[in-house]
Amino acid sequence: MRYLYFPGCKIASHLPQYDLATRSVLGAFDISLDSAELNCCGYPARDLDFTAAVFSSARILAVAAKKELPILCPCKCCFGSLKHADYWLRHQPGLRHRIAAMLREEDLSWEPGVPVRHLLSVLVEDVGLDRVREKIRKPYTGLPVAVHYGCHALRPAEVTRFDDPLAPTIFEKLVQTTGADPVDWPLRLDCCGYPLWGKNDRLSLKLMEKKLSSAHMAGARVLITACTYCQLQFDTVRSGQETLPILFPELPAVLVTQFLGVAMGQSAGALGLERNHIAWTASPA
Amino acid sequence: MEKDLEYITCDLVVIGSGMAGMAASLFAARRRMDAVQVGHIGEINFASGLLDVLGVHPVSTGRVLEYPWEGIARLIEDEPRHPYARAGVSQTRKALAAFIAFMEEAGCAYVCGRDRNLEAITPVGVTKPTYAVPHTMINGILALSESKPCLLVDFMGLKGFSARQIASCLAGRWKKLRTVRLSFPGLSGEVHTERMARALEIPDIRQELAAQTKPYLKDAEAVGFPAVLGIQDTVQVLAELQGALSVPVFEIPTMLPAVTGLRLRETFERRLPAMGVRTLYQKSVLHADRLQDGRWELEVGGDAPEIRVHSRAVILASGRFMGKGLHADRGGVRETIFNLPVSQPPNRTFWHHKDLLDPHGHPINRAGLDIDDRFRPLDGREQPFSDNLFAAGSILAHQDWMRQKCGSGLAIATAYGAVEACRMFLG
Amino acid sequence: MFLKLCAYLALSICLAGVFHRGLRWFTLRIGPEAEGAGFLDRFKAGAKAFGAMIVNPRRLGSVLWTLLFEVLLQVHILKQNTWRWLTHMALFYGILLLVVLHALDNWITARIFSNYASTLNPFLFLRNLLGVLVVFGVATVVIRRRADGRPRSKKRASDRVALVLLSLLIVSGVVLEAFKIVSPSIFETMARDYMGDDPDEIAALKVYWAKDFGVAFEPPPPAGDNDLLASGQKLHQDYCASCHSKPQAAVLSYPLARALKPVAVRLDRLRPDLVFYYLHYLAACGALALLPFSKLFHLLSAPLSLLVRSGGDAASDLPINRPARRVLGLDACTHCGVCSLHCAVSPIYRVISNPLILPSEKTGALAAIAGGDISEAGCAAFSEGSFICTGCGRCTRFCPSGIDLQDLWQASRIDLKRTGFGSVHDWIRTRSAAEWAQIARARKAVVKPATALDRATVSLADNPESFSACVQCTTCTSVCPVVAASDDPKRDLDMTPQQVMNLLRLQLKDMALGCRMVWDCVTCYKCQEHCPQGVRVADILYELRNEACRRFTVIPKKGVKLPDA
């Protein structure tokens, strides 16, 4: 299986372990990732200008169309942004016209139907739970974990078509293959707060705190994320506050491919675990 | 290139996620039918939690009924085309009993009057007849009927709920009714019911609320709160408050946004999948077609088809105008999915009487789908449109559930009837 | 004499300019560090750190490595793009060696090679070859800049002048040499000075030089007399050959000389060799004087920047030294535009057309800001560009001058926030929703009417159908995590989501623009997902933000000063 790998802006400079772990895990399933120098998906500029954000995403869709490859996003905000662009281009002829003219200048064009897949969908649907289960070497046997869905892949479901927005199960299904036990926690579908970081830091941290508290009360020992922004919030931002001690330090945040990779017997170094700010030592329950 | 349409086959598709849709899915699951439910979660959020069977008949006199089952019998005689006529009294009783048993199992116990209606208190202060109430409300009803000295609590910043208004409306018959306005622990400014209900699921908050209320108790023999006593943990919350205050505690439904509907919704959302119903929430049926072998092919999705469902039967419980089961414009009323003929006034000028509060209600409210005894919508020539298409709930014609106070009963009974008819069809 | 004066003047200006630029590294500040530190403290700390880097034996290794591979061989450019490397090497070595071996031939070349004469091979040939390299380099740059779709960057005036001077220098040098080759009067002077006055000897030499050295004589000397030619050749051997190689080696000038031959004698009266000599010399002086004030300065600052980078990045600096690294970095920018070529948000520039989105344009603006030399509008534009940057780091990875651009952007963002030019999310909070509503209403007349292109977008907030289905059920408010995080939504947010929808229904959109709910929205889309009536609440909130960004420009708090020079 081949995909056009779209890591987004933040991974290379701020979260390289996500790249390491994702490549390591996907490599075990014979998935090849084509790289290209791609622009920002436009999500951060969505507040400023709608067309700029759509054009940014449309360009990536067009590059993928030219290469005839589906897109794989490790980041949920990128995923959502590409899906929104696809949605609005399909529904707004005026917008489509304008974007097409700009793409033509680079000899690109947007066509509907470029598959945009998030990492979780690729693992659960394209690879399949059975194949994942086969590769598990060191199961977690009942370790209680809190899977964090975040927002931008789930909602709005009409646009993203990722999973049931009110009762999603894709993340739990994946994690269960490792033998871990995903807990039911009330705030699991809420936002991590990272989109507000740099805009309203106090509120961003408050949202993060509520999430962690909810996961903690539900008895989870690890928080598992599948998005660059979410992991940055629960690991980097959380541990980087000079005036605030680390909240719930016994509940580290770990990327899904790191969590999976350890269960698959891959080394901590290959998964970039030492780059996580809040250390997680993977040991069975 | 895009994901191919997912493909599902099943015995029954329930279209709708309101009371009728949820009840139909429940009954189908109980009968071990392979059911899929499609719908947007929306209107059920607005439910008060009260289950009305029949509160008023005839509507023109506004006569409040004390005995709902006898009332239904008379209603069937007076209005032979009313959906209750198709269901019949005994089936309606069975349906309600099954529904209430399910809610009890799910941790949301109901208290019903059995043969008599209960007199429930509403947030504006008037009372209404209803058949069954969530257990959290029963103590209020008892206190009212016995005119016990009572304290009503409301909260600062909670719009649409005034204990003083309720008390002043009921002052005529309920003498020893006192009120107090408290500040909800930890919140200020405008407060919302869901926030408060979730907060009360935390023991500390409960204790603080009890502590705040206690000084105002004095001789009260019951305490009433707006309906915020927890979301799923209502039993626990109620028990603890009663323990701390040493008197019975009760809830009164609130205006929207209300957690009473949320409780119903979350109960169904959690239970139905566990019972084997495949749920496709937040999606619509975009297209419906008949296959060669008689089965229905439905395309389900958001803005574009995502799933193709092949089903042996369909129960249409898509609601009225709010639920988008019916659509009204200058040309008339139409049914939005199958384009079934809708029984309606000849044209728009006949939709409404001149007087807004006309005691008879308005003809447009009784528009909807005509059905036969087997809950099958008719084709406009008194024949069933299709032998495997059924309908239930407020989309049905010849009923005025708001004025007759029969909404939940109608939804549940017709859902039950439709599922039974469907089962007979499926063999 | 005059020229010598010009040379010394240019040198003084150059040295003064270099000194001034160097001083700025320790007086200007970008970022929060070194606040209150004076020039002397900063200079001492900087010198100490730099010295420690050079002196430290372990560090010295990487310093030498950088000098060899990055400064001299520019391997980091080769790794990115072969053509870019070839071009830059041609320019770099062409100009450098011309300066060292030709301009400074009296001081350097003549001292190394005792037989040095500018008209002698290999010097003659090499000089022309170096000229070819420079021409090749400039031509390739111009062609590639047009062809590679680099986002168009505005040229700075000083850079234009530098390019003109450089071109003048090369062209005048070539023309000068061409005229010197053909000039009969120069021949006469040189023959008398180095051979003597004997007319027969001069005549014989003329014949030889007319034939083999391309000099134009009027009348042309007799041809066909082999004896005269032979004696001329012998005379050449005796008196000229030690300094003069055959001019064909002048691969640039000789072809021009031949083309000029027909008109050479007539022009000779005008002493074109003198004219072009002055032009050439003055152009060189001009370039020298201009060096510290144009991109030519990168000859000094870029290697320095690369060296500094070899010792570690900004994070490893002592805080007091970080501003120096940053200002040095800005000085090392050649405006080459490679960073913008790889910038992840350059597509946004194609829609919003603010050039200060592009990193190659930001450096200039940032230098102006640091120097206190920018308008409010410029600051606002820079701010908009700054907060669009996503910090992907590609510009830093590709910069040929080794500038830590990522650090510059992060530091300047802190400065922007402090001086009231932060992102829209910062300055929108400086006024209340009611104040913004007033401003919005007052500015309505100024807003340009919607063009067809503007309409080619999605418009929800102005379209009643978007929110006419809203029944104020407050489901959106109930599910909003931002509302749930507040103990007093009215105090913290002004309006809750369903109240914002209500404002739209009442056609009070202007009142909604400044509500904190709109700006504290975390874009989780729960409101839109749960709305029973299909109102696109989150999309509408986005649109309100878009509109506010379009209609309001940053209005910094009164009494705010821009950073000190």
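Everything numeric here is computed off the predicted structure, so don't read it as measured data. Note that residues are indexed from 1 along each chain, following the sequence as it is written. Chain A is the first chain written and ligand 1 is the first ligand written, with later ones labelled in order. Local features are withheld for residues below a pLDDT of 70 in this predicted model, meaning they are given only at 70 or higher, and side-chain atom pairs are given and counted only at 80 or more; totals for whole chains, interfaces and linings count all residues.

**Here we look at the overall build of chain C**
Here is the rule we go by: Going along the chain from the N terminus, every DSSP run of H or I of four or more residues is numbered as a helix, and every run of E of two or more is numbered as a strand. Radius of gyration here is computed from C-alpha atoms only, and the compact-globule reference equals 2.2 Å multiplied by the residue count raised to the power 0.38. Any residue whose C-beta has 12 or fewer other C-beta atoms within 10 Å is treated as exposed, any with 20 or more as buried, and any in between as partly exposed, C-beta atoms being built from the backbone. It is the C-beta atoms, placed from the backbone, that decide contacts: two residues are in contact if theirs lie within 7 Å.
Secondary structure summary: chain C contains 33 helices and 0 strands in total. Relative to its length of 565 residues, chain C is extended, with a C-alpha radius of gyration of 33 Å against a globular reference of 24 Å. Across its three principal axes, chain C shows a C-alpha extent of roughly 115 × 55 × 40 Å. A total of 565 residues make up chain C; the buried ones form 45% of that total. In chain C, of all internal contacts separated by at least 6 residues, the share reaching a separation of at least 24 is 75%.

**What about the overall build of chain B?**
The helix and strand tally for chain B stands at 12 helices and 17 strands. The C-alpha radius of gyration computed for chain B amounts to 23 Å, which stays within 12% of the reference 22 Å derived for 427 residues, consistent with globular compactness. In terms of overall dimensions, chain B has a C-alpha envelope of 75 × 55 × 40 Å along the principal axes. Buried positions account for 49% of the 427 residues belonging to chain B. Within chain B, residue pairs in contact and separated by at least 24 positions form 67% of the contacts whose partners lie at least 6 positions apart.

**Brief notes about the interface of chain C and chain A**
The condition that has to hold: Amino acids outside the nonpolar list (Ala, Val, Leu, Ile, Met, Phe, Trp, Tyr, Cys, Pro) and the charged list (Asp, Glu, Lys, Arg) are all regarded as polar, and Gly is one of them.
Counting residues at the interface gives 35 residues for chain C and 42 residues for chain A. Going through the elements one at a time, α17 (346-352), α24 (452-455), α27 (481-484), α32 (526-530) and α33 (537-551) of chain C are the ones with two or more residues in the side of chain C that touches chain A. The dominant element in the side of chain C that touches chain A, judged by the number of residues it contributes, is α17 of chain C, at 6 residues. Here the residues of the side of chain C that touches chain A are counted per class, giving 19 nonpolar, 10 polar and 6 charged.

**Describing the sheet that holds strand β8 (residues 177-182) of chain B**
All names here are of chain B. Basically, it comes down to this: Should DSSP find at least two bridges between two strands, the strands are regarded as paired. Angles here are taken between N-to-C directions and fall from 0 to 180 degrees, while the axes themselves are lines fitted to C-alpha atoms, restricted in helices to the stretch in contact.
An order of β8-β7-β9-β10 is seen for the 4 strands of this open sheet, with the pairing classed as parallel. Unpaired on one side and paired on the other, β8 and β10 (249-252) mark the two borders of the sheet. With strand direction ignored, the average angle separating the axes of adjacent strands in the sheet is 30°. Looking at chain direction, strand β7 (residues 150-155) and β8 are connected through 6 bridges and run parallel. From the neighbouring strand, F155 faces β8, where its bridge partner is L182. Most of the contacts of helix α6 (residues 163-170) go to β8, to which it runs at about 170°, and overall it touches β7, β8 and β10.

**A few points about unusual backbone geometry**
Residue P122 of chain C is reached from N121 of chain C by a cis peptide bond, and omega for that bond is 0°. Residue P219 of chain C is reached from E218 of chain C by a cis peptide bond, and omega for that bond is -5°. With respect to the helices and strands, the residue P219 of chain C is situated in the loop between α10 (199-212) and α11 (226-239). Positive phi values are uncommon outside glycine, yet K324 of chain B reaches one of about 70°.

**A word on the sheet that holds strand β8 (residues 253-255) of chain A**
Residues and elements named next belong to chain A. Strand order in the open sheet made by the 4 strands is β6-β5-β7-β8, with parallel pairing throughout. The open sheet has two edge strands, β6 (181-182) and β8, and neither has a second partner. As paired elements, strand β5 (residues 144-147) and strand β7 (residues 222-225) share 3 bridges and run parallel to each other. Residue V147 lies in a different strand from β7, and its bridge partner there is I224.

**Overview of the domain arrangement of chain B**
All names here are of chain B. Filter applied, for reference: A domain assignment, automatic or from a database, supplies the domain bounds used here.
Partitioning chain B into domains gives domain 1 (6-105 + 262-426) and domain 2 (123-252). Computed over C-alpha atoms only, the centres of domain 1 and domain 2 are separated by 33 Å. Tallying the contact residues gives 16 residues for domain 1 and 10 residues for domain 2. Listed by contribution, the elements that provide at least two residues to the side of domain 1 that touches domain 2 are α4 (89-105) and α10 (259-274). Looking at the side of domain 1 that touches domain 2 residue by residue, the class counts come to 9 nonpolar, 3 polar and 4 charged.

**With respect to the packing of helix α7 (residues 123-147) of chain C against helix α8 (residues 157-182) of chain C**
Residues and elements named next belong to chain C. Using the following cut-off: By convention, the crossing between two helices is left-handed when the near helix turns anticlockwise from the far helix through less than a right angle, and right-handed when the turn is clockwise.
At a minimum axis separation of 11 Å, α7 and α8 run at an interaxial angle of 145°. The hand of the α7/α8 crossing is left-handed. Contacts from G131, V134 and V135 in α7 reach I170, G173 and V174 in α8. Partitioned by chemical class, the residues of the contact of α7 with α8 number 4 nonpolar, 2 polar and no charged.

**Looking at the pairing of strand β1 (residues 2-5) of chain A**
Residues and elements named next belong to chain A. Pairing analysis gives 3 bridges linking β1 to strand β2 (residues 32-34), with the strands arranged parallel. When the sheet's bridge partners are listed, Y3 is paired in β2 with L33. The pairing of β1 with strand β3 (residues 71-73) spans 2 bridges and is parallel. Its bridge partner being in β3, Y5 is matched across the sheet by L72.

**Let's talk about the environment of Y281 of chain B**
On the secondary structure map, Y281 of chain B appears in strand β11 (residues 278-281). The partly exposed category is assigned to Y281 of chain B, around which 18 C-beta atoms lie within 10 Å. Measuring from C-alpha to C-alpha, the distance between Y281 of chain B and E269 of chain B comes to 9.3 Å, with 12 residues separating the pair along the chain. Dropping the residues within four chain positions of it, Y281 of chain B is found in contact with D164 and L166 of chain A together with S17, G39 and I41 of chain B.

**Description of the confidence of the model for chain C**
Residues and elements named next belong to chain C. Operational definition: What pLDDT conveys is the predictor's confidence in a given residue, as a value from 0 to 100.
With 94% of its residues at a pLDDT of 70 or more, chain C shows a mean pLDDT of 87. Confidence, read as mean pLDDT per element, is least for α24 in chain C (48) and greatest for helix α31 (residues 516-520) (96). When the criterion is pLDDT under 50, residues 445-453 qualifies, and its contacts beyond four places in sequence or with other chains add up to 3 contacts. Within the model, the stretch residues 556-565 combines pLDDT values under 50 with 21 contacts to residues more than four positions away or in other chains. Quick note on the complex model: pTM equals 0.87, ipTM equals 0.95.

**Description of helix α1 (residues 19-30) of chain B**
Residue and element names in this part refer to chain B. Just so we agree on the cut-off: Helix span, as expected, comes to 1.5 Å for every residue beyond the first.
Between its terminal C-alpha atoms α1 stretches 16 Å, which fits the 16 Å expected from 12 residues at 1.5 Å a residue. Burial of α1 is extensive: 11 of the 12 residues sit out of reach of the surface. Along α1, the residues that are buried comprise M19, A20, G21, M22, A23, A24, S25, L26, F27, A28 and A29. Looking one or two places after α1, you find R32, whose phi comes out positive at around 55°.

**Things to note about the environment of F162 of chain A**
Residue and element names in this part refer to chain A. Looking at where F162 falls in the secondary structure, it is placed in the loop between α7 (157-160) and α8 (170-176). Residues F162 and G80, spaced 82 residues apart in sequence, show a C-alpha to C-alpha distance of 9.4 Å. Once you skip the residues sitting within four places of it in the chain, F162 turns out to touch H118, S121, A153 and L154.

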